[in-house]
Amino acid sequence: MFDSAEYAGVSARLRDAFVHHDTAYCDSVLPLFDDRTLALVHPDRVVDGFVSNLIVHEAPQPATKKRFDELVAISDAPVMRNWRDYVEARALQNAGERQQAIAAFEPLLSRFEQDHDTVGIASVSKRIGNLYLELGDASLAASSLLRALRVEPRVDLRATNTAILGRCYARMGRIDSVRWCAARLNEDATNELNARRKDERAAVNATWLLHLAALLEPAKDSLLAGVRQALTVDSLIKKHDMGDGFLVAAGADAHVETLVLRAKALLRLGRMGEALSALAPAKEELARCPECLPQRLDYLSVQAEALTGLGDLRAALRVQQERAEVLALNEVGRERLAVERARAKALSIQQEAETNRRLELARAAARHMDIEHRMQRVVLVTMIGFIILFAGILFVRARTARRMQLEQLRTRLSRDLHDDIGSTLSSINILSAVARRKAEAGDEAGAAATLSGISERTQRLMRNMSDIVWSVDPNKDTLEELLVRMREFGAAVLEPKEITYRFESTGDMSATIPPTTKSNLYLIFKEAVNNAAKHAEATEVHVAFRNEDHRLHMVIVDNGKGIPNDATTNGGNGLRNMRARALEMHAELHIRSTASQGTAIDLAVPL
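Residues numbered from 1 in each chain as written. Predicted model: local features only at pLDDT ≥ 70, side-chain atom pairs only at ≥ 80, totals over all residues. Heavy atoms only, no water.

Draft legend 1. Summary view of empty space enclosed by the protein. The tally for this structure, following the rule as stated, stands at 1 cavity of 30 Å³ or more. Estimated volume of the largest cavity: approximately 60 Å³. Looking at the largest cavity, the residues that line it are Asp156, Ala159, Thr160, Asn194, Asp199, Arg201, Ala202 and Asn205. Elements supplying a minimum of two residues to the lining of the largest cavity: α10 (155–172) and α13 (201–216). For the lining of the largest cavity, the residue count by class is 2 nonpolar, 3 polar and 3 charged. (1 Å grid on protein atoms, 1.4 Å probe; cavity = no way out; pocket = protein on both sides within 12 Å on 5 of 7 lines; lining within 4 Å. Points joined across faces, edges and corners; volume = space filled by probe spheres on them. Helix = DSSP H or I, 4+ residues; strand = E, 2+ residues; numbered from the N terminus. Nonpolar A, V, L, I, M, F, W, Y, C, P; charged D, E, K, R; others polar.)

Draft legend 2. Geometry of the pattern of salt bridges. Applying the stated rule across the entire model yields 22 salt bridges. The salt bridge partner of Arg171 is Glu257, with a shortest N-O separation of 3.3 Å. Residue Arg171 is found in helix α10, and its partner Glu257 is found in helix α16 (residues 252–268); the two are separated by 86 residues along the sequence. You can call Glu257 buried: its relative accessible area is 11%. (Salt bridge = Lys/Arg side-chain N within 4 Å of Asp/Glu carboxyl O. Buried < 20%, exposed > 50% of the residue type's maximum accessible area, 1.4 Å probe, protein only.)

Draft legend 3. A look at the pairing of strand β3 (residues 551–558). Note that strand β2 (residues 540–548) and β3 share 8 bridges and pair antiparallel. Residue Asn547 lies in a different strand from β3, and its bridge partner there is Leu552. Connecting the antiparallel pair β2 and β3 is a turn made up of 2 residues, with Asp549 showing a positive phi of about 55°. Relative to strand β5 (residues 598–606), β3 is paired through 8 bridges, and the arrangement is antiparallel. By the bridge assignment, Leu552 is partnered in β5 with Val605. (Pairing = 2+ DSSP bridges.)

Draft legend 4. Representation of the nonpolar core. In terms of nonpolar packing, the biggest core is built from 104 residues, with Met80, Phe105, Val124, Trp208, Leu209 and Ile237 touching the most fellow members. With 10 residues, the single largest contributor to this core is α16. In contact with Leu209, not counting residues within four places along its chain, are Thr162, Ala163, Gly166, Arg167, Val178, Cys181, Ala182 and Leu185. Counting residues in hydrophobic clusters, the runner-up holds 37 residues, among them Val493, Tyr501, Met509 and Met578. (Core = buried A, V, L, I, M, F, W, Y, C linked by side-chain atoms within 4.5 Å. Contact = heavy atoms within 4.5 Å.)

Draft legend 5. Region of the structure containing the sheet that holds strand β1 (residues 500–506). Within the open sheet, the 5 strands sit side by side as β1-β2-β3-β5-β4. Their pairing is mixed. Looking at which strands have only one partner, the edges of the open sheet turn out to be β1 and β4 (588–594). The mean angle between the axes of side-by-side strands here comes to 10°, regardless of whether they run parallel or antiparallel. Pairing between β4 and β5: 7 bridges, direction antiparallel. For Ile591, the partnering residue across the bridge sits in β5 and is Ile601. The sheet strands contacting helix α23 (residues 479–494) are β1, β2 and β3, and the helix crosses β1 at an angle near 170°. Where helix α26 (residues 573–584) meets the sheet, its contacts fall on β4 and β5, and the angle it forms with β4 comes to roughly 150°. (Axes fitted to C-alpha atoms, helices over the stretch in contact; angles between N-to-C directions.)

Laid out in structure tokens, this is it:
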């Protein structure tokens, strides 16, 4: 078994061999890591040996993989399980199974984060970023690559990650971000490890990114400088390609993107013929990269633009027709939709779990309240046990009152949960079926819109669940807590609509109020504010609370178009609900409305 010094030395040499694709060295040291006791005592060391060996080989190594699985089963250590699953997800990516690879990598990222494995977080984030870049979504790719960059401890892999991130920013047209990546690469180029290995990839990639930034600049001088750099940059890349390991700038997809940017720069300079000549090498690169569909589409688009500028409309039309055929065969686009659909499903499951958790909290709060009431009854019986008859009467009354209160609370919870969750989940179920049919019919835009509707309903359901949990939280049963929530709700509804909003309160607001009263007050307030925002066309809303003589007065006034006379008397569901809730609190509710002069709602609640 390794001691620390010996392990550190072998590990360092193993990393160098990994960078230079030295399969012979990786195979020679693998027996040193193939040990049952080592797997039990130092599972991370076994991971180093086996994962490096499995990744450095381009072709699968079934025997090595089988032995690694056996050691994982013996150890059952999280670090070994995580890296075994990483190797399997990586194999899916290498096989071109992008959707399955993303589905495997994303939960694995959470596991690495739970174990605080920064190397794992960086490796998985980088893989997810590369997958989204292959799917043509540079923005999502950049987000994952940035996460990898923040935690990557290995300078050589960090430099490669920075170069890929710079390529994403170039596709997004973010010139300053491209230059920032180039500056980071120049810093990594002077690192001691790169100097010892004589690894110049960071410096070469930095030069390439600065070349892309110049081609993206709007100024004519910058474009000319970028075009003049082309031969020098190409020679530098060709000289170092695979000399020190994988070079981002030398990849077929990256090279096509570079050629397209050069052609675009020449088009902006008005040099149409030179733009076509600059694109010529892209055809050979695309021939050895059949999966580079986003790059092929960019190439055909710029080629058509150059031919149009030269007046060769017939050739431009042929190129546009070829581009349409590529779009029709765009498997990458369909994969991207499938990935988004899988992400939406995972989000729905996660939000459903959160809803169940909140529901359990509500039930726990009700159970806690029940326990508290039972304890109060026991104390009451102990204290006044010597007055049996009188104590019995008080006990029966208290128990009946509390059971009625608890029953009312349970009934209200059941009604609210049934109305909110039942109807919303039904609509989510219907929308899910619609999204599936649209996706199967090839209507990607319709499927995406339907998935957006599912997300909106799920978020609304979570907000409603938050209100229900808040309404039964015994720590929130004061007027002060109620007013804070009302103030926040009013601001959230009215301020985005640029409606002037004033909220005032006077008197003692520290008093505790019953949960039913708190809930009814809040729901009447929400109904009034929503009416002012959605139907009254108001520009000002004034809310005032006053607590005096054991009565709480709530006045809500808006300057909207008012309520029709017949609606004030009869009302829709909203006004009827407000009156029903006021009656339940034994409160007085007055609604005054004048056409074109607004509406005033005055509620007086006994406390």
